[in-house]
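Close look at the chain arrangement
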Number of protein chains: 2
Amino acid sequence: MKGLGELERTIMDILWAENAPLTAREVGRLIEDRDLAPTTVMTVLDRLSRKGFLSRTRDGRAWRYQPAASRDAYIAELMLEALDLTGDRDAALTRFAQAVSGSEAEILRKALTELEEQ
Amino acid sequence: MKGLGELERTIMDILWAENAPLTAREVGRLIEDRDLAPTTVMTVLDRLSRKGFLSRTRDGRAWRYQPAASRDAYIAELMLEALDLTGDRDAALTRFAQAVSGSEAEILRKALTELEEQ
DNA sequence: GGGGTAGTACTACGTCCTGTAGAGAGGTGA
DNA sequence: TCACCTCTCTACAGGACGTAGTACTACCCC
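Everything quoted here is computed from the prediction, not taken from an experiment.

1. What about the pairing of strand β1 (residues 54-59) of chain B?
If a strand is regular, its side chains alternate between the two faces of the sheet. Where β1 of chain B lies against strand β2 (residues 62-67) of chain B, six bridges are found, and the strand directions are antiparallel. Pairing of Asp 59 of chain B across the sheet is with Ala 62 of chain B, part of β2 of chain B.

Structural data, given as structure tokens:
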């Protein structure tokens, strides 16, 4: 899958935060701090949809972009991808379990328990 | 931390697989398939140690390289880093727990249980 | 002791990704 | 018709990586 760049992630964050599909102009307006040219935003949106992170639909002449997957799914996939890099998945998983904070361990336990019950 | 390139990862894999610190020449000999110039291997080893993935000690004129951290630790850190990208860690963790395979869920459960007992 | 060998440091170059944006085309409303 | 919006195409700079040459030093064998 591959990670995203700084601006790409900023834009994905904006789109994940919104519920509705946005146009390039709308996304641009939501990037406060940076003064980007409209074409910059359009280029990045285009690249993101080309890479499969966004889907887009026509709205008049403009495109409306929305995330192809939820942020959670993306993060989970990144984590699985990291896990795939090792030969010894069990060891890495054990290590990971030890590395998360206590409250997060609790979350994991709960999710695993629910999983088991189904 | 940042991910590694293809050749960088190949070399890290070799060093993770060995127990002893290796010289550039030895690493080069262990990369079977590719016919790399010795300096290529040296350059990559140098970059990896500069990035903190390897530590090196003198052995005569040569350097001996060894991983600065275990592969498991590296993988776990990558996973945590992915997790840091989200605003909602709990949701991502839950999603992750649902995404791992059954046997891996078992491993996670066991690790978390042992963690709890300590 | 001179040449091959091994090792180092430094430098370089092509490629790909990403951030950034301009140019030009084609609608659209005042 | 003119200003304007949005699109697509093209471009360029900087950084990471794969790859390797060059130049210099130290060592070993004949």
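2. Quick notes on the protein's contact with DNA strand D
Neighbouring residues of DNA strand D: 23 residues in total, closest Arg 25 and Met 42 of chain A together with Glu 6, Leu 7 and Lys 51 of chain B. Backbone atoms, meaning sugar plus phosphate, form 62% of the atoms of DNA strand D positioned within 4 Å of the protein. Interatomic distance of 2.6 Å between a backbone N/O atom of Leu 7 of chain B and a phosphate oxygen of DNA strand D. A distance of 2.9 Å is found between a phosphate oxygen of DNA strand D and a side-chain nitrogen or oxygen belonging to Arg 34 of chain B. For the surface near DNA strand D, the elements supplying multiple residues, two or more each, are α3 (38-50) and β2 (62-67) of chain A together with α1 (6-17) and α3 (38-50) of chain B. With five residues, the single largest contributor to the surface near DNA strand D is α3 of chain B.

3. A few points about the relation of the copies chain B and chain A
In the superposition of chain B on chain A (RMSD 0.1 Å, axial shift 0.0 Å), the rotation amounts to 180°. Look at the turn and shift together and you get a two-fold axis relating the two. For chain B, the smallest separation between a C-alpha atom and the rotation axis is recorded for Met 79 of chain B, amounting to 2.4 Å. When the interface residues of chain B are mapped onto chain A, 100% of them are again interface residues, pointing to one common binding face.

4. Re the packing of helix α5 (residues 89-99) of chain A against helix α4 (residues 71-84) of chain B
The axes of two packed helices give the description: the angle between them and the distance between them. At a closest axis distance of 8 Å, the pairing of α5 of chain A and α4 of chain B adopts a crossing angle of 55°. The pairing of α5 of chain A with α4 of chain B is recorded here as oblique in orientation. The handedness of the crossing between α5 of chain A and α4 of chain B is right-handed. On the side of α5 of chain A, the interface is formed by Ala 91, Ala 92, Leu 93, Arg 95, Phe 96 and Ala 99 of chain A, while α4 of chain B contributes Asp 72, Ala 73, Ile 75, Ala 76, Met 79 and Leu 80 of chain B. In terms of residue class, the contact of α5 of chain A with α4 of chain B is built from 10 nonpolar, no polar and two charged.

About the thresholds
Residues numbered from 1 in each chain as written. Chains lettered and ligands numbered in written order. Predicted model: local features only at pLDDT ≥ 70, side-chain atom pairs only at ≥ 80, totals over all residues. Heavy atoms only, no water. Pairing = 2+ DSSP bridges. Helix = DSSP H or I, 4+ residues; strand = E, 2+ residues; numbered from the N terminus. Near = heavy atom within 4 Å. Polar contact = N/O pair within 3.5 Å; in protein donor to acceptor, adjacent residues only side chain to side chain. Least-squares fit on C-alpha atoms with pLDDT ≥ 70 in both. Contact = heavy atoms within 4.5 Å. Axes fitted to C-alpha atoms, helices over the stretch in contact; angles between N-to-C directions. Parallel < 35°, antiparallel > 145°, perpendicular 65-115°, else oblique. Left-handed = near helix turned anticlockwise from the far one by under 90°. Nonpolar A, V, L, I, M, F, W, Y, C, P; charged D, E, K, R; others polar.

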